[in-house]
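Listed here are the chains, written in short residue letters.
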Amino acid sequence: MGTRLEGKTIIVTGGASGIGAAIARGVAREGAKVVIADLDLAAGRRVADAIAAAGGAAVAVEMDVTDRAAVRAAIDMAVARFGRLDVYFNNAGMNSPMRFLDITEKNFELVLKVNALGVLIGTQEAAKQFLAQGSPGKVVNTASIAGRTGFPNFAPYSAAKAAVISLTQAGARALAPDGITVNAFAPGVVDTPLWTKLDVELAEMGAADSGFASMAGDILLGRPAVPDDIVPTAIFLAASDSDYITGQVIPIEGGMILV
Ligand code: NAD
């Protein structure tokens, strides 16, 4: 167990699975008290229980990142339980592939709502809590290489992740006067349940050639990421080591798109 996040309370949205679960475990190992906020409460509780069993402090809450009242309630719960909020990871996300000419309004709206509007709401409500408690705080967003270059079979996801990068920059500028930093990291291809579902849907579209195996073939370091590859950067962005960094997006993609 480390001490880099001792005394900090950290909310991780989408913390029940994949990258978010790894971040929740990682920040707990550094001494943080963790709130796992996810649509899937049962899976969130399993992650929280495992953290507690390893000697950490964690609790799970059911929350939809697109529902402002639910986000506010989760923050209130974190503060009631642990006394304050220090770091908010806007990590929840999803993808729903469609060929470019087939993309519907419904698909676009859903993907933008979860991945982009969810980040705006989370940033706003976390910042309001930091202001109310009168202490600096950090927001850390999960962007993607898909926000740096547009992928044809999931254009709305690419657009949403580009929005995450813009919201990171705008949020950093808006909140810096209050001592709040807003940063992001941009993973490449990470082996998580998100890809299991995506690969099935791409295969159903007849687009299996743009799936996990094909994307992972273009990585300089020779392998896709696992969630634990993301954790050291997440801890860095949550800890005081990154106090002089704001508005930045750190790529974690093994040498892939290089932008
Ligand atoms: P995952 O599917 O394993 O986990 C995502 C979690 O988010 C799930 O527990 C899910 O229940 C939760 N979630 C989804 N919609 C939600 C909502 N509206 N409100 C609250 N929770 C919600 O996926 P992952 O790969 O760990 O993805 C985590 C983040 O990383 C996402 O933002 C994703 O876009 C991003 N990302 C993933 C990859 C990758 O290759 N896996 C690459 C770049 C970026």
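Right above here is the structure, for reference.
The shown structure was predicted, so the numbers you read here are calculated from the model rather than taken from an experiment. Residue indices follow the written sequence of each chain, beginning from 1 at its first position. Local features are withheld for residues below a pLDDT of 70 in this predicted model, meaning they are given only at 70 or higher, and side-chain atom pairs are given and counted only at 80 or more; totals for whole chains, interfaces and linings count all residues. Processing note: side-chain calculations cover all non-hydrogen atoms of the structure and skip hydrogens and water entirely.

Caption draft 1: Structural detail: helix α4 (residues 105–133). Helix numbers and strand numbers start at the N terminus; a helix is a DSSP run of H or I with at least 4 residues, a strand a run of E with at least 2. Here a helix's expected span is defined as the number of its residues, less one, multiplied by 1.5 Å. Between its first and last C-alpha atoms α4 spans 40 Å; for 29 residues at 1.5 Å apiece the expected length is 42 Å, and the two agree. Largest kink in α4: about 40 degrees, centred on K113. Following α4 by one or two positions, G134 adopts a phi angle in the positive range, close to 70 degrees. We define the bend at each residue as the angle formed by axes fitted to the 7 residues ending at it and the 7 residues starting at it.

Caption draft 2: Main features of the site of the ligand. The nearness test applies per residue and asks whether one of its heavy atoms lies within 4 Å of the molecule or strand. Residues in contact with the ligand amount to 27 residues; listed here are only the nearest, S17, D38, Y157, V190 and T192. What qualifies as a polar contact is a pair of N or O atoms within 3.5 Å, subject to a donor-acceptor requirement within protein and to the restriction that residues adjacent in sequence count only when both atoms come from side chains. Interatomic distance of 3.1 Å between a side-chain N/O atom of D64 and a nitrogen atom of the ligand. For accessible areas, the Shrake-Rupley method is used with a probe of radius 1.4 Å. Any residue's cover is judged against the shown protein chains and nothing else. The protein chains hide 92% of the 830 Å² of surface that the ligand would expose on its own. Listing elements by their share of the shell around the ligand, those giving two or more residues are α1 (18–29), α5 (155–175) and α6 (193–204). If one sorts the elements of the shell around the ligand by residue count, α6 sits on top with three residues. Residues are grouped as follows: Ala, Val, Leu, Ile, Met, Phe, Trp, Tyr, Cys and Pro are nonpolar; Asp, Glu, Lys and Arg are charged; all remaining types, including Gly, are polar. A class-by-class count of the residues in the shell around the ligand yields 15 nonpolar, nine polar and three charged.

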